[in-house]
Every structure is written in C-alpha cells, then in structure tokens.
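# Coordinate analysis (summary)
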Amino acid sequence: MCETEAMVDSAGSLPLHDSVLDRLGADIASGVIAPGARISSDEIATRFDVSRTVAREVVRVLESLGMVSIRRRAGITVLDPSHWHALDPKLIRWQLAGPDRFTHLARLAELRSGIEPLAARLAATHATPEQCATLTASVMGMSATARSADTPAYLGHDVTFHATLLTASGNPLLAVFAPIVREVLTGRTEHELMPTQANPQALQLHAAVAAAVQGRDGIAAEAAMREIVAESASAIACLRPAVSK
C-alpha cells in the first residue's frame, strides 16, 4: 500500500493511523495480545495492510502509553498493565471495549467519587456566570432528551455538564479529568449500559448540582454530585450479571 493510500481507512471515517492504533491498542488492552508478547512493525504492516511508516507511528504511540517497549535486539515487547498510563483516555476507551469493562468501570467510579464531588464544591466558589449557564443548559438538554438517554444527543449534554463542572472547579488538576469522564460516559452509551429513559433521580441530582453551584452552596453541590456518581455506579453494577461480555 502506497503512502497516499495509507492515509484513510476503507470506510473513510478515520485516518488509517488512528484506525490501526485503535484496533491494536484494543487487542493489547483486552489481553488478546498478552504481556510479554513480541511483535514487529513488519507484522503490524502485514496484518493491517498498511505501510511500515504507519506501523512505526502506531508503535510509537503505544510506547508513549507505556503499553510496549522498543529495544534494538528484543524488538517490540508488550508490557505488563502495571506500566500502562492508566488515566490516558485512549487506554480507558480500549479497556471499556474489552471483556473486563465492568471491572474498569467500577474502578473509574471509585476515582470519580473522589474527584467530581470535590470539583462541584469548588465550582460553587469559582464558576463563572457563563459556566453556571452552561450547567443549567446541559441539564435542560438532558431533560429534553431524557426519553432517549442511550443516544448521542443525551450523551452530548451529559458530557458537557461534567466537563464544565470539572473546569469550573478552578483547579487545572481537576479539569484534566474531563476527558476521562467523557470516555466513561461515552463507553456506557456505546456498550449499551444506559437505560432508554433517563433515571428521574439522576436528572434531579444534576439539576441540584447546577442550582447549588449557581447559588454558591458548595456543601449542597458536593453532596448532590456524590449521589450522582453513586447512582451511576449502582446502575452499572446492577447490569453486570446480565450484560457482562
């Protein structure tokens, strides 16, 4: 395959580099390619019918994520998950696409329970009028699409709400978690872990957070956000025996 042909996948939807990266990254994240396995750029190029240049670019990204090591004599070796950059959104996306998605979602829920309530409390102090308006508009959007809670429309409003809240905390170290929460919410939708109709309690809690942030009530904002994360974790846990793949 020539270099110009290697730029876009067969569906024309993703640059070929990204398509191959997603497929190979998902195989490693799910254990299809196990830790300790050795692969080569030539094997990648052959398997995915891409140029060696594309294959090398993909390997460099995987190396930057701590998923593989590259050594002159050993070649490319898949590393143990303890070396992986666990909070990288790409890795989270691949893990949620794999057979252990419920385990990863449970761990991410634990992380969210520490991060998002704190962000909500701080947002009550630091949120700008524009951010308060965005939170309110997001809740309105979620309510308007509540009967299609498993669709991209509802997801978009939900993602905007949580990303805005994290940014509104005023703490850039909390704001960097926005892409992680986006992958969690997106994963729930893509892997059919969202109800067709939104939980009314969840909607009320989102509205309570928005109102508390606008009212500068940090304690109420933190409490409502903690309930949101707990409700989400509980809903996913209830699905685990029936849906786990």
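Structure shown above.
Nothing here was measured: the structure is a model prediction, and the numbers come from that model.

Closest axis-to-axis distance for the helix α7 (residues 152–168)/helix α10 (residues 200–214) pair is 12 Å, and the angle between their directions is 35°. Regarding α7 and α10, the two cross each other, and that crossing is left-handed. For the pair α7 and α10, the contacting residues are Y154, D158, F161, H162 and L165 in the first and L203, H206, V209, A210 and V213 in the second.

At D49, a position not held by glycine, the phi torsion is positive, near 55°. Among the structural elements, D49 can be located in the loop between α2 (41–48) and α3 (52–64). A positive phi is found at E192, a non-glycine position, where the angle reads about 60°. A residue is classified by how much of its surface remains accessible, and E192, at 63% relative accessible area, is exposed.

Another point: the nonpolar core. Of all hydrophobic cores here, the largest spans 26 residues; its most connected members are I28, I44, L62, M67 and W94. Among the elements of the structure, α1 (16–30), α2, α3, β3 (75–78) and α4 (89–96) are those that each provide at least two residues to this core. Beyond its immediate stretch of four places on either side in the chain, M67 contacts G25, I28, A29, L62, T77, V78, L79, W84, L91 and W94.

Moving on: the sheet that holds strand β2 (residues 68–71). The strands making up a sheet associate through hydrogen bonds between their backbones, and the pairing can be parallel or antiparallel. One open sheet holds the three strands; their spatial order is β1-β3-β2, and the pairing between them is antiparallel. Edge positions in the open sheet fall to β1 (38–39) and β2, since each of these has one partner strand only. Where β1 meets β3, two bridges bridge the pair, whose relative direction is antiparallel. Note that in β3 the partner of R38 across the bridge is T77. Set on the sheet, α3 makes contact with β2 and β3; between it and β2 the angle comes to about 115°.

What counts, and at which threshold
- Residues numbered from 1 in each chain as written.
- Predicted model: local features only at pLDDT ≥ 70, side-chain atom pairs only at ≥ 80, totals over all residues.
- Heavy atoms only, no water.
- Axes fitted to C-alpha atoms, helices over the stretch in contact; angles between N-to-C directions.
- Helix = DSSP H or I, 4+ residues; strand = E, 2+ residues; numbered from the N terminus.
- Left-handed = near helix turned anticlockwise from the far one by under 90°.
- Contact = heavy atoms within 4.5 Å.
- Buried < 20%, exposed > 50% of the residue type's maximum accessible area, 1.4 Å probe, protein only.
- Core = buried A, V, L, I, M, F, W, Y, C linked by side-chain atoms within 4.5 Å.
- Pairing = 2+ DSSP bridges.

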